[in-house]
Amino acid sequence: MKEEILILPPEELKRQKGFAKKVRALINRPQSYHLVTYGCQMNVHDSENLAGMFEAMGMREKDKKEADVILFNTCAIRENAERKALGNIIWLNQLKKQRPELLVGVCGCMAQQEGMAQKMLKQYSFIDFAFGTGNLYQLPKIMYHTLTGGRCIEIDCPQSTLVEGMPIHRQGGHKAYVNIMYGCNNFCTYCVVPYVRGRERSRKADDIFRQAEGLLKEGVKEITLLGQNVNSYGLDRGEQDFAGLLSGLEKIGVPRIRFMTSHPKDLSHRLIEEFARNKALCPHMHLPVQSGSNAILQAMNRRYTVETYLEKARLLREARPDIGLTTDIIVAFPGETDKDFNDTLELVKIMRYDSAFTFIYSPRAGTAAEKLPGRIDKEVASERIQKLIDLQEKITQERLQSLVGSVQDVLVDGPSARGKALTGKSGRNISVNFAGDKTFVGTVQEIEITATASNTLRGKMKGR
Ligand code: SAH
Ligand code: SF4
Ligand code: F3S
């Protein structure tokens with residue numbers, strides 16, 4: 001069934017602008033905001049829009065201790081993500097006792113879960129407003145209602161709207177996030193995202209190109225395209241596919257392009273060819289494999305096999321020999337046997353990822369896997385994840401070591417953590433530290449790699 005996608009009419013954003021104006025006109029209105037963001041880049045980017053709307057309401061960003069409004073943009077991907085957010089939200093109870101005028105809001109994926117926002121407002125009297133992922137653009141209205149009428153909840157479901165032209169307060173300087181699609185249709189059996197982010201909907205390529213052109217004018221050097229499954233970009237529209245979009249962005253003159261996240265089943269030959277051809281594409285792909293066992297992949301509803309995954313990875317490396325691959329892996333999925341887990345270790349040995357995010361399976365309410373038999377013991381799960389981490393750590397070190405002596409194009413981000421050097425990311429998305437002065441920030445420099453240091457590289461500017 002194809003669901004109708006509602007493109008938000010421009011009048012609706014005008015209406016929100018009207019609410020922002022009304023908030024600005026209120027006597028004793030809040031003057032400052034603080035955003036706490038959990039979860040993936042999607043949420044980080046959403047928070048840039050939320051910040052943009054707060055600014056449009058005449059508010060400035062401030063420290064948590066001083067801000068008049070604190071908004072939590074939450075994640076629901078695993079139980080510990082929820083627990084962390086909830087713990088920090090509850091802590092605000094104390095702050096609110098000291099400053100009763102403080103407003104507390106909760107939004108994002110956790111708030112979108114069925115019945116969750118209502119439950120939270122009922123349980124925690126200090127929460128003033130909550131809204132879902134599809135209601136993000138309504139922040140001005142929600143603030144106005146909260147300020148004039150009291151506690152407020154806005155959760156629409158399903159969230160199939162596509163909103164263009166929201167205010168934005170970017171954090172990234174010379175790097176920018178651009179959403180190319182929203183939602184997910186894949187329903188991997190463990191995953192909550194399709195339930196909290198709605199169905200897949202792609203933005204029009206022209207809207208994306210226009211936004212990219214604007215960012216280039218602002219001096220942006222690197223754009224990261226965002227979507228839960230960017231490889232299926234455009235399939236819902238039938239106009240431009242993902243490879244075509246990448247090619248268009250190169251033509252516009254975007255110097256560096258990255259994207260997140262790729263689903264292996266939709267990784268097309270056209271995209272592999274694009275990697276061989278498009279030099280603006282950074283040589284990095286995050287390609288979550290989740291498991292090295294076909295039985296588990298099937299139970300996860302991933303819709304690819306270990307063999308097809310390996311073949312696609314091989315073709316990618318053939319097309320772009322300097323490419324670095326990274327991944328996500330879940331251990332202790334229900335029914336995972338020792339053999340299944342060993343197959344995952346074997347796959348990791350074959351793939352030799354630059355790095356991997358590893359997770360213990362966390363049951364999520366309402367997902368298909370939640371009802372599966374064969375839950376794995378906590379101790380077994382911990383043992384497995386530790387084995388996997390140890391293996392990947394060894395491979396990561398070998399991968400880093402193999403780059404010593406090479407020259408990497410590094411986009412300089414700023415001073416390094418200890419402040420004595422500069423830091424930036426290589427095309428392969430590895431942090432590189434080197435000596436240099438601040439004037440290089442925001443430029444791409446050729447760095448000769450001289451050494452490794454834990455999970456980063458050290459180098460010096462070429463010719464110096
Ligand atoms: N859309 C992306 C992933 C988004 S979630 C993709 O399909 O690749 C990021 C990662 O969290 C997933 O790749 C998966 O490894 C992990 N994850 C998702 N749900 C999980 C769960 N219930 N328990 C443990 N890990 C989970
Ligand atoms: Fe979740 Fe799977 Fe969609 Fe990724 S592709 S967001 S893991 S359902
Ligand atoms: Fe979390 Fe929502 Fe992202 S559940 S991982 S913030 S899409």
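Residues numbered from 1 in each chain as written. Chains lettered and ligands numbered in written order. Predicted model: local features only at pLDDT ≥ 70, side-chain atom pairs only at ≥ 80, totals over all residues. Heavy atoms only, no water.

### So, unusual backbone geometry
Moving on, step 1. Across the junction of Met 260 and Thr 261, the peptide omega takes the value -10°, indicating a cis bond.
Moving on, step 2. With a phi close to 60°, Asn 301 is a non-glycine residue in the positive phi region.
Moving on, step 3. Take Asn 301: it is sitting in the loop between α11 (294-299) and α12 (306-319).
Moving on, step 4. Look at Asn 301 and you get partly exposed, because its relative accessible area is 25%.
Moving on, step 5. With a phi angle near 40°, Ser 454 is a residue other than glycine that sits in the positive phi range.
Moving on, step 6. As for its position among the elements, Ser 454 is in the loop between β20 (444-453) and β21 (456-461).
Moving on, step 7. Since its relative accessible area comes to 59%, Ser 454 is described here as exposed. (Helix = DSSP H or I, 4+ residues; strand = E, 2+ residues; numbered from the N terminus. Buried < 20%, exposed > 50% of the residue type's maximum accessible area, 1.4 Å probe, protein only.)

### Looking at the domain arrangement of the chain
Moving on, step 1. Here the chain is described as being made up of domain 1 (6-157), domain 2 (172-282), domain 3 (291-402) and domain 4 (407-461).
Moving on, step 2. On a C-alpha basis, the centres of domain 2 and domain 4 stand 26 Å from each other.
Moving on, step 3. Between domain 2 and domain 4, the residue contacts involve seven residues of the former and twelve residues of the latter.
Moving on, step 4. Together domain 2 and domain 4 conceal approximately 700 Å² of surface at their shared face, both sides included; 51% is due to carbon and sulfur atoms.
Moving on, step 5. Counting the contacts that link domain 2 with domain 4 gives one salt bridge.
Moving on, step 6. Measuring nitrogen to oxygen at the nearest pair gives 3.1 Å for the salt bridge that ties Lys 175 to Asp 413.
Moving on, step 7. By residue class, the composition of the side of domain 2 that touches domain 4 is one nonpolar, one polar and five charged. (Domains from an automatic or database assignment. Contact = heavy atoms within 4.5 Å. Buried area = accessible area lost by both parts, 1.4 Å probe. Salt bridge = Lys/Arg side-chain N within 4 Å of Asp/Glu carboxyl O. Nonpolar A, V, L, I, M, F, W, Y, C, P; charged D, E, K, R; others polar.)

### Focus on the nonpolar core
Moving on, step 1. In this structure, Ile 180, Leu 225, Phe 242, Leu 245 and Met 285 are the most contacted members of the largest nonpolar core, which totals 53 residues.
Moving on, step 2. Both domains that meet at this core, namely domain 2 (172-282) and domain 3 (291-402), each give it at least three residues.
Moving on, step 3. Residue contacts for Leu 225: discarding those within four places in its chain leaves Val 178, Ile 180, Val 230, Phe 242, Leu 245, Leu 246, Leu 249, Ile 257, Arg 258, Phe 259 and Met 260. (Core = buried A, V, L, I, M, F, W, Y, C linked by side-chain atoms within 4.5 Å.)

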